[in-house]
Amino acid sequence: MEHIGRTERERPRRLRSSPKLRALVSETSIDPSHLVTPIFVKEGAGTKEKIDAMPGVFRFSPDEELEKEINELSSLGINAVLLFGLPAQKDQVGSEAYNPDGVVQKAIRRIKRVNEDMIVVSDVCMCEYTQHGHCGILDRNGVVENDKTNEYLGRIALSHAKAGADIVAPSAMMDGQVRAIRQSLDTEGFESLPIMAYSAKYASAFYGPFREAAGSAPRFGDRKSYQMDSRNVREAIRETQLDVDQGADIIMVKPALPYLDVISEMKRRFALPLAAYNVSGEYSMIKAASINGWIEEERVVEETLHSIKRAGADIIITYFAKQYLSSSRRSKSS
Ligand code: PBG
């Protein structure tokens, strides 16, 4: 009999012949319970405001408008939101960020009232609350003071915990911020409250649309003295190890797409749940191309989410969560 070599017998196409067969052998899937959707809450009443640079994303006042959105999200199977606040006023020390009646604190209470089971993650940072737009307290020379900022971050996280947040997520990139927040929470009886640490957060131009959405662009300079350099991956390992040592419960890489290698590196190195933040610029680029008719949006979104999962993310934070689940529901029922 004629000898058939291994390469001639190998036909990967055998497993690609039908949608069901392809699904059977698929290695990756997007489970709604792993998606987190960011929400912008803005002081005021009865508002649902468009964000120009992020079509399809809105700012909600912490009232019925927010309630409606939460109900819609839970009907789609989304179990977790990440809150960002736009306060009525800003000052040098971001005092609205830890005001017990601040916009995020109000939003947390409101969400918990309509849906106790919705997991509320709160972003812990100062850039939306300071006049200068930096993520911390400035010294006389306009440099962000690390340890002083940590005291404030501890205070902000605690106020979110008291309002009912389920997870706090520090994004200021101060050294020791996870430890400071852990201590602040523990001394007030919140030792069971998890911290999702923005461990490897890069100084990224992909945050552009977010800064319009949250009104948080720095008034001078940039964030390169605290956020990470895009050339580095070993530094990301070191940053993440520090967060783990300080008590992080979930680690994060941000942005996602330009840092898929970092995501897979973190997955290999750390046993903690790993989140990836598919940020505003990643969202808006797809939207812009789609509005111009240059790409098929639904397919691009699905492919994007698959890439982040495949790289190793357990949790995906994405502005596409709602849209993705409504369209996958549509395609299932058709
Ligand atoms: C706050 C913060 C930012 C983002 C999340 N938290 C902006 C920044 O660091 O300038 C960006 C999120 C996004 O672009 O979607 N520090």
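Above this text is the structure in question.
Below you will find a few notes about this structure. In this text the structure is predicted, and so the values were computed from the model without any measurement. Throughout, a residue's number is its position along its own chain's written sequence, starting from 1. Confidence filtering applies because this is a predicted model: local features only for residues at pLDDT of at least 70, side-chain atom pairs given and counted only at 80 or more, and all residues used for totals across whole chains, interfaces and linings. Values reported for side chains reflect all heavy atoms of the structure, with hydrogen atoms and water molecules removed beforehand.

**Quick notes on the overall build of the protein chain**
For step 1, the next point in the chain: Within the protein chain, the regular secondary structure consists of 12 helices and 10 strands.
For step 2, the next point in the chain: Here the C-alpha atoms of the protein chain give a radius of gyration of 21 Å, agreeing with the 20 Å that 2.2 N^0.38 yields for 334 residues.
For step 3, the next point in the chain: Accessible areas in this description were obtained via Shrake-Rupley with a 1.4 Å probe; residue shielding takes into account the shown protein chains only. Accessible surface, the protein chain as shown: approximately 16,200 Å² in total, 48% of it carbon and sulfur.
For step 4, the next point in the chain: Just so you know, the count uses Lys and Arg for positive and Asp and Glu for negative, and it drops His and the chain ends. Every charge is mapped onto a representative atom, which is NZ of Lys, CZ of Arg, CG of Asp or CD of Glu. Of note, the protein chain has its 45 positive side-chain charges centred 5 Å away from the centre of its 47 negative side-chain charges. Note on conventions: DSSP H or I runs of at least 4 residues are helices, E runs of at least 2 residues are strands, and numbering of each starts at the N terminus. For the radius of gyration, the atom set is restricted to C-alpha positions; the globular benchmark scales as 2.2 Å times the number of residues to the power 0.38.

**Details of the pairing of strand E6 (residues 167–170)**
For step 1, the next point in the chain: Note on exposure labels: buried denotes an accessible area under 20% of the residue type's maximum, exposed denotes more than 50%, and partly exposed covers the range between, all computed with a 1.4 Å probe on protein chains only. Across the two faces of E6 the burial is the same, with Ile-167 and Ala-169 and Val-168 and Pro-170 all buried.
For step 2, the next point in the chain: Looking at chain direction, strand E5 (residues 119–124) and E6 are connected through 4 bridges and run parallel. Paired with Ser-122 across the two strands is Val-168, which belongs to E6.
For step 3, the next point in the chain: Crossover E5 to E6 through helix H5 (residues 146–163) is right-handed. For two strands to count as paired, DSSP must find a minimum of two bridges between them. By convention, a crossover is right-handed whenever its connection, traced from the first strand over the helix to the second and viewed with the strands pointing away, goes clockwise.

**Some points on the site of the ligand**
For step 1, the next point in the chain: In the vicinity of the ligand there are 18 residues, among which Lys-201, Arg-211, Lys-254, Ser-280 and Tyr-319 approach most closely.
For step 2, the next point in the chain: Counted as a polar contact is a pair of N or O atoms within 3.5 Å, where, for protein atoms, one must be capable of donating a hydrogen and the other of accepting one, and residues adjacent in sequence contribute only when both atoms are in side chains. Here Gln-227 contributes a side-chain N or O atom positioned 2.9 Å from an oxygen atom of the ligand.
For step 3, the next point in the chain: With respect to the ligand, the side chain of Lys-254 contributes an N or O atom lying 3.2 Å from a nitrogen atom.
For step 4, the next point in the chain: Protein contacts shield 100% of the accessible area of the ligand, which totals 400 Å² for the unbound molecule.
For step 5, the next point in the chain: Any residue outside Ala, Val, Leu, Ile, Met, Phe, Trp, Tyr, Cys, Pro, Asp, Glu, Lys and Arg is labelled polar, Gly included; the first ten of those are nonpolar and the last four are charged. Classifying every residue of the shell around the ligand by side-chain character gives 10 nonpolar, 3 polar and 5 charged. Nearness is defined per residue: one heavy atom within 4 Å of the molecule or strand is enough.

**Overview of the pattern of salt bridges**
For step 1, the next point in the chain: Within this document, salt bridges are pairs made up of a side-chain nitrogen of Lys or Arg and a carboxyl oxygen of Asp or Glu, the two lying within 4 Å of each other. Under the definition given, this model contains 20 salt bridges.
For step 2, the next point in the chain: Across the pair Arg-182 and Asp-186 runs a salt bridge whose closest N-O atoms are separated by 3.0 Å. Of this pair, Arg-182 and Asp-186 both sit in helix H6 (residues 177–187), separated by 4 residues, roughly a single helical turn.
For step 3, the next point in the chain: Exposure remark for Arg-182: the relative accessible area of 13% places this residue in the buried category.
For step 4, the next point in the chain: Since its relative accessible area comes to 32%, Asp-186 is described here as partly exposed.

**Describing a nonpolar patch on the surface**
For step 1, the next point in the chain: Note on patches: the residues involved have over 30% relative accessible area and no salt bridge, like charges join within 9 Å, and the nonpolar side chains Val, Leu, Ile, Met, Phe, Trp and Tyr join within 5 Å. Residues Leu-15, Leu-24 and Val-25 make up a contiguous nonpolar surface patch of about 290 Å² in total accessible area.
For step 2, the next point in the chain: Assignment of secondary structure puts Leu-24 in helix H2 (residues 19–24).
For step 3, the next point in the chain: Using a relative accessible area of 68% as the deciding quantity, one classes Leu-24 as exposed.

**Re unusual backbone geometry**
Residues apart from glycine generally show negative phi values, whereas peptide bonds are mostly found in trans.
For step 1, the next point in the chain: A cis amide bond links Lys-254 with the next residue in sequence, Pro-255, at an omega value of -10°.
For step 2, the next point in the chain: Along the polypeptide, Pro-255 turns up in the loop between strand E8 (250–254) and helix H9 (260–269).
For step 3, the next point in the chain: With a phi close to 65°, Met-173 is a non-glycine residue in the positive phi region.
For step 4, the next point in the chain: With respect to the helices, strands and loops of the structure, Met-173 is situated in the loop between E6 and H6.
For step 5, the next point in the chain: The class for Met-173 is buried, based on a relative accessible area of 5%.

**A few points about the nonpolar core**
For step 1, the next point in the chain: Phe-40 and Leu-83 are the most contacted members of the largest nonpolar core, which totals 103 residues.
For step 2, the next point in the chain: Looking at which element gives the most residues to this core, the answer is H5, with 7 residues. Remark: nonpolar core denotes a set of buried residues (Ala, Val, Leu, Ile, Met, Phe, Trp, Tyr, Cys) joined through side-chain atoms within 4.5 Å.

**Regarding the pairing of E5**
For step 1, the next point in the chain: Burial within E5 is extensive, with 5 of its 6 residues counted as buried.
For step 2, the next point in the chain: Bridge analysis of strand E4 (residues 80–86) against E5 gives 4 bridges, and the strand direction is parallel. Of the residues in E5, the one forming a bridge with Val-81 is Val-120.
For step 3, the next point in the chain: A crossover connection joins E4 to the parallel E5 through helix H4 (residues 103–114); in handedness this β-α-β unit is right-handed.

**Regarding helix H3 (residues 64–75)**
For step 1, the next point in the chain: For a helix, the expected span equals 1.5 Å multiplied by the residue count minus one. For H3, with 12 residues, the first-to-last C-alpha span of 16 Å sits near the 16 Å given by 1.5 Å per residue.
For step 2, the next point in the chain: Where H3 ends, the next residue or the one after it, Gly-77, has phi of about 95°, a positive value.

By themselves, these observations are geometric and do not establish any function.
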